[in-house]
Amino acid sequence: MRAVVVDSSGKVNVETRPDPVLPGPDGAIVKVEAASICGSDLHFLEGHYPIADPVSIGHEAVGTVVETGSDVTGFTPGDRVLASSVTGCGRCSGCATHDPIKCVQGPQIFGSGFLGGAQAELLAVPAADFQLLAMPENIDTEQALLLTDNLATGWAAAKRADIPIGGTVAVIGLGAVGMCALRSALTLGAATIFAVDPVDARRARAEKWGAVGITAPSAQAIREATDGLGADAVIDAVGTDTSINDALDAVRTGGTVSIVGVHDLQPYPLPALACLLRSLTIRMTTAPVQQTWPELIPLLQAGRLDVDGIFTDTMSLDNAAEGYAAAMSRSGEHLKIRLNP
């Protein structure tokens, strides 16, 4: 099969690799119809996460089941499915909460070096009854791809931000996750959203949805716009020292900072005393993907949550290097890139 791989120098290639085999009697093999590039994939290219050998990359996939193990009861070959980007054993008390991050045996992510990558023609899925979801009615392929990770992450970020109905929210970083968080915040009742990003075109996208565009760093501008108080909630979809500092400075006393941006491996110097004296709530979240599906799918089906326009590019899997170059530009033109095997 063909698969997208990245090596230790950050170079992206499409290689021919052996077809995957069933990862156990509870597993399945999925023929990938569509995959997508996530902002967290870029950390491998930027050297934030060291890798020794070329890694098959990607963790967002929609496709068709072509083989199942003997213990799989919920799926048969021919079923069209989407796969959670985060995996668990599917049997423990943690997985019983439908949050694979709580898996007692430890969660894993496709395309991180332990499991095969989703940007490939075939994907081996362990614990298929837990990881896979039959394609819901009236959900298109791009919505389904967002349900595997980015929308689930943005939704979790907004829910964990303690947004008051009619309140003010700042979203730092207007990539795909940030835009999903922005639209989730609107659905959850935010009245004013400050959309923070240094890229003009990304702010312009957010402004079309009624947000107030602000150039990073944002704290001073947000305080000026809120009579010196700061936002009720701040969602950080970047995860750098600078963005976290900006989030802590932009939130009002007693407010919540919800961080879903992926930090590098270096320690972050938390200003603990200032956070304590201001009674801040700080939450850092990896999306409980399966847990979000019962909430997000009806909202998408009813048109109450709109994710149109988050995907900006569709490319062949063979053009993955071009797709990654576009994603690395972090421009307003290239927000979310779909790869079709």
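See the structure shown above.
Because the structure is predicted, anything quoted here is derived from the model rather than measured.

What follows deals with the pairing of strand β6 (residues 80-83). Summarising the sheet, strand β5 (residues 61-68) and β6 pair through 4 bridges and their orientation is antiparallel. Opposite G63, over in β6, you have V81 as the bridge partner. Relative to strand β10 (residues 132-134), β6 runs antiparallel, the two being bridged by 3 bridges. Across the sheet, A83 pairs through a bridge with L132, a residue of β10.

What follows is about the packing of helix α4 (residues 150-159) against helix α10 (residues 289-301). When two helices pack together, their arrangement is given by the angle between the helix axes and by the axis-to-axis distance. Closest axis-to-axis distance for the α4/α10 pair is 10 Å, and the angle between their directions is 95°. For the element pair α4 / α10, the angle class is roughly perpendicular. Residues L151, A152, W155 and K159 of α4 pack against V289, T292, E295, L296, L299 and L300 of α10. Residue composition of the contact of α4 with α10, by class: 7 nonpolar, 1 polar and 2 charged.

Its location among the elements puts T226 in the loop between α7 (219-225) and β14 (231-236). On the basis of relative accessibility, which here comes to 9%, the residue T226 falls in the buried class. Aside from chain neighbours lying at most four places away, what touches T226 is F194, A231 and R252.

This next bit is on the pattern of salt bridges. Summed over the entire model, instances satisfying the criterion amount to 12 salt bridges. Here R17 makes a salt bridge to E15, at a shortest N to O gap of 3.4 Å. Looking at R17, the relative accessible area reads 25%, which means it is partly exposed. A salt bridge links E142 to R338; its shortest N-O distance comes to 3.7 Å. You can see E142 sitting in helix α3 (residues 141-147) and its partner R338 sitting in strand β18 (residues 337-340), a full 196 residues away along the chain. Connected through shared salt-bridge partners, R2, E121 and D318 make up one network.

Taken in spatial order, the 3 strands make up an open sheet running β2-β1-β4, and their pairing is antiparallel. Looking at which strands have only one partner, the edges of the open sheet turn out to be β2 (12-16) and β4 (55-56). Pairing analysis gives 5 bridges linking strand β1 (residues 2-6) to β2, with the strands arranged antiparallel. If you follow V5 over to β2, its bridge partner there is N13. Each of β1 and β2 touches helix α11 (residues 320-329); the most contacted strand, β2, lies at about 155° to it.

We now examine the state of the cysteines. Among covalent bonds in proteins, the disulfide is the one between the sulfur atoms of two cysteines. Counted under the stated rule, the structure contains 0 disulfides. Cysteine C38 is unpaired, with the sulfur of C180 as its nearest cysteine sulfur at 10.0 Å. For C38, a relative accessible area of 4% corresponds to the buried category.

With that settled, the discussion passes to the pairing of strand β11 (residues 168-172). Across the 5 residues of β11, 5 count as buried, placing the element largely inside the fold. Where burial is concerned, the two faces of β11 agree: the one with T168, A170 and I172 and the one with V169 and V171 are both buried. When β11 meets strand β12 (residues 192-196), the two strands line up parallel, connected through 5 bridges. Within β12, the residue paired with A170 across the bridge is F194. A crossover connection joins β11 to the parallel β12 through helix α5 (residues 176-187); in handedness this β-α-β unit is right-handed. Judged from the 4 bridges that link them, β11 and β14 form a sheet pairing that is parallel. Paired with V171 across the strands is I235, a residue of β14.

Definitions and cut-offs
- Residues numbered from 1 in each chain as written.
- Predicted model: local features only at pLDDT ≥ 70, side-chain atom pairs only at ≥ 80, totals over all residues.
- Heavy atoms only, no water.
- Pairing = 2+ DSSP bridges.
- Helix = DSSP H or I, 4+ residues; strand = E, 2+ residues; numbered from the N terminus.
- Axes fitted to C-alpha atoms, helices over the stretch in contact; angles between N-to-C directions.
- Parallel < 35°, antiparallel > 145°, perpendicular 65-115°, else oblique.
- Contact = heavy atoms within 4.5 Å.
- Nonpolar A, V, L, I, M, F, W, Y, C, P; charged D, E, K, R; others polar.
- Buried < 20%, exposed > 50% of the residue type's maximum accessible area, 1.4 Å probe, protein only.
- Salt bridge = Lys/Arg side-chain N within 4 Å of Asp/Glu carboxyl O.
- Disulfide = S-S within 2.5 Å.
- Right-handed = clockwise from strand over helix to strand, strands pointing away.

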